[in-house]
Amino acid sequence: MYKKLAISLLLGCALPLAAAQAEVASDAGETVASVSKRLVSFYSQPLPSAGKLKPIRVPAVLSMPANQAGPAPAVVILHGSAGMDSRGPLHAADLNARGIATLELDMWGARRLAGGAQGRPPRVHDTLPDLAGALSYLANQPGVDSERVGVLGFSWGGAQAMLAASASIDDELQQASGVRPVALAAFYPVCWGYNRVPGYDLKHLAPARLLVLVGEKDQYDDDPKACTKLVASLPAEDQARAKVLVYPGAEHGFNGLEAAQEYKDPFLHRGQGGLGRSAPDPAAREASRKAVVAFFTDSFATPTVSGR
């Protein structure tokens, strides 16, 4: 029964992806490359920072651009607290159209969780083994260039991407999977908490590029400069590899298509908790889609950053 549920959820994610591809092609005036989609699964990989968690099987949607001249770069897509929604397919379609493979994980389906503040794991670290497993899975795909792999996350997934961008977690991921991500993009990753909440350290970046995209009116940070300040606190050599984009007037979840919604979350308002809001913002969504494509295409075209 659970297997059927997971597959139906993944199919529901895959169907909007074709429509998103057509939209990207229309906007860009380009012909969309053929994309092969498969429902796949893999086991999470143990990480020291996650503690003694048992490996679990994680379902995912693998989208591979067809007719590639050689192995394609790839991006792992990590959903937010609400689970898989419109954001994954939108960005996957944009990347697929540029010859970049994507692997979108269903982390809540893997755990039979409903999502939301009450239906997610206790710590973001608990889902980092899913990312390690995804990286290992991609490294074993003959059509993927394991030297050009990136990570894209939204909210909870954005926090995963931020942690993965830290030097210590990056080392753990590389040891577990054999893959070192060269570029990580984090949408509204709750910047106030890093270097304040125990375990959420971001004092030194991995030898990779980092892009942070946040809305000016995001109620988790209650400060449009929170992410800018965080990056400014890094060593100069790390700051040179990081970029923050703040979208005027945009709220949490601005790059999605879902209707605005209100909810309670203990991480809102700089950890004070309370009521918050996520809402789509068409202008910010389209600008961020272009920014993500430019970030990954440039990162994959540029030689990997040298070690620390």
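Residues numbered from 1 in each chain as written. Predicted model: local features only at pLDDT ≥ 70, side-chain atom pairs only at ≥ 80, totals over all residues. Heavy atoms only, no water.

(A) Structural detail: the overall build of the protein. When its secondary structure is counted, the protein shows ten helices and ten strands. For the protein, with 308 residues in total, the buried portion stands at 56%. Residue pairs at least 24 apart in sequence account for 80% of intrachain contacts in the protein once pairs closer than 6 positions are excluded. About 13000 Å² of surface is accessible on the protein, with carbon and sulfur atoms providing 55% of the total. (Helix = DSSP H or I, 4+ residues; strand = E, 2+ residues; numbered from the N terminus. Buried < 20%, exposed > 50% of the residue type's maximum accessible area, 1.4 Å probe, protein only. Contact = heavy atoms within 4.5 Å. Areas by Shrake-Rupley, 256 points an atom, 1.4 Å probe, with all protein chains shown as cover.)

(B) Expanded view of the side chain of His79. Take His79: it is sitting in the loop between β3 (72–78) and α2 (87–96). His79 sits in the buried class, given a relative accessible area of 2%. One polar contact links the side chain of His79 to the main-chain amide nitrogen of Met107, over a distance of 3.0 Å. Beyond its immediate stretch of four places on either side in the chain, His79 contacts Met84, Leu105, Asp106, Met107, Trp108, Phe154, Trp156 and Gly157. (Polar contact = N/O pair within 3.5 Å; in protein donor to acceptor, adjacent residues only side chain to side chain.)

(C) Geometry of the nonpolar core. With 79 residues, the main nonpolar core has Leu103, Leu105, Leu138, Leu152, Met162, Leu213 and Phe296 as its most contacted residues. One finds Val190, Trp192, Tyr220 and Tyr263 within the second-largest nonpolar core, a separate group that totals five residues. (Core = buried A, V, L, I, M, F, W, Y, C linked by side-chain atoms within 4.5 Å.)

(D) Summary view of the packing of helix α4 (residues 128–139) against helix α6 (residues 167–177). Two elements in contact, α4 and α6, have axes separated by 9 Å at closest approach and are oriented at 45°. When the interaxial angle is binned, α4 and α6 end up oblique. Two packed elements cross with a definite hand, and for α4 against α6 that hand is right-handed. Residue-level inspection shows Leu128, Leu131, Ala132, Leu135, Ser136 and Ala139 of α4 in contact with α6, the latter providing Ile169, Leu173, Ala176 and Ser177. Along the lines of polarity and charge, the residues of the contact of α4 with α6 split into eight nonpolar, two polar and no charged. (Axes fitted to C-alpha atoms, helices over the stretch in contact; angles between N-to-C directions. Parallel < 35°, antiparallel > 145°, perpendicular 65-115°, else oblique. Left-handed = near helix turned anticlockwise from the far one by under 90°. Nonpolar A, V, L, I, M, F, W, Y, C, P; charged D, E, K, R; others polar.)

(E) Region of the structure containing the pattern of salt bridges. Tallied over the full model, the rule gives 14 salt bridges. Between Asp94 and Arg289 there is a salt bridge, with the nearest N and O atoms lying 2.8 Å from each other. Of the two residues, Asp94 is situated in helix α2 and Arg289 in helix α10 (residues 282–301); the sequence distance between them amounts to 195 residues. Among the residues examined, Asp94 registers a relative accessible area of 4% and is labelled buried. The class for Arg289 is buried, based on a relative accessible area of 4%. Across the salt bridge formed by Asp170 and Arg180, the nearest N and O atoms sit 2.0 Å from each other. Note that Asp170 is positioned in helix α6 and Arg180 in the loop between α6 and β6 (183–187), a separation of ten residues in sequence. Overall, the relative accessible area of 1% leaves Asp170 in the buried class. Salt bridges sharing partners connect three or more residues here, namely Asp94, Arg285, Glu286 and Arg289. (Salt bridge = Lys/Arg side-chain N within 4 Å of Asp/Glu carboxyl O.)

(F) Seen up close, the state of the cysteines. Counted under the stated rule, the structure contains one disulfide. For Cys191, the disulfide goes to Cys227, at an S-S distance of 2.1 Å. In this structure the cystine formed by Cys191 and Cys227 twists about its S-S bond by roughly 95°; its chirality is therefore right-handed. Residue Cys191 is located in the loop between β6 and β7 (209–215), and its partner Cys227 is located in helix α7 (residues 226–232); the two are separated by 36 residues in the primary sequence. Each member of the pair, Cys191 as well as Cys227, carries the same accessibility label: buried. (Disulfide = S-S within 2.5 Å.)

(G) Highlighting the packing of α2 against α10. Where α2 contacts α10, the two axes come as close as 10 Å, and the packing angle between them is 45°. Looking at the two axes, α2 sits oblique to α10. Regarding α2 and α10, the two cross each other, and that crossing is right-handed. Listed contacts from α10 to Leu90, His91, Asp94 and Leu95 of α2 are Arg285, Ser288, Arg289, Val292, Val293 and Phe296. A breakdown of the residues in the contact of α2 with α10 according to their chemical character gives five nonpolar, two polar and three charged.

(H) Region of interest: the packing of aromatic side chains. Here the structure, examined in full by the defined rule, presents nine aromatic pairs. Measuring from ring centre to ring centre gives 5.6 Å for Trp108 and Trp156, while their planes differ by 75°; the resulting arrangement is edge-to-face. Taken together, the residues span a long stretch of sequence, with Trp108 in helix α3 (residues 107–111) and Trp156 in helix α5 (residues 156–164) at a distance of 48 residues. In this structure, Trp108 and Trp156 share a single accessibility class: buried. Cluster of aromatic residues (ring-pair linked, three or more members): Phe154, Phe187, Tyr188, Tyr247 and Phe254. (Phe/Tyr/Trp six-rings, centres within 6.5 Å; stacked < 30°, edge-to-face > 60°.)

(I) Expanded view of the sheet that holds β3. One open sheet holds the eight strands; their spatial order is β1-β2-β4-β3-β5-β6-β7-β8, and the pairing between them is mixed. The open sheet has two edge strands, β1 (35–43) and β8 (242–247), and neither has a second partner. Strand-to-strand twist of the sheet, defined as the mean angle between neighbouring strand axes without regard to direction, takes the value 20°. Relative to strand β4 (residues 101–105), α2 is tilted by about 165°, and along the sheet it contacts β1, β2 (57–65), β3, β4, β5 (144–154) and β6. Against the sheet, α10 contacts β3, β5, β6, β7 and β8, and its axis sits at roughly 180° relative to β7. (Pairing = 2+ DSSP bridges.)

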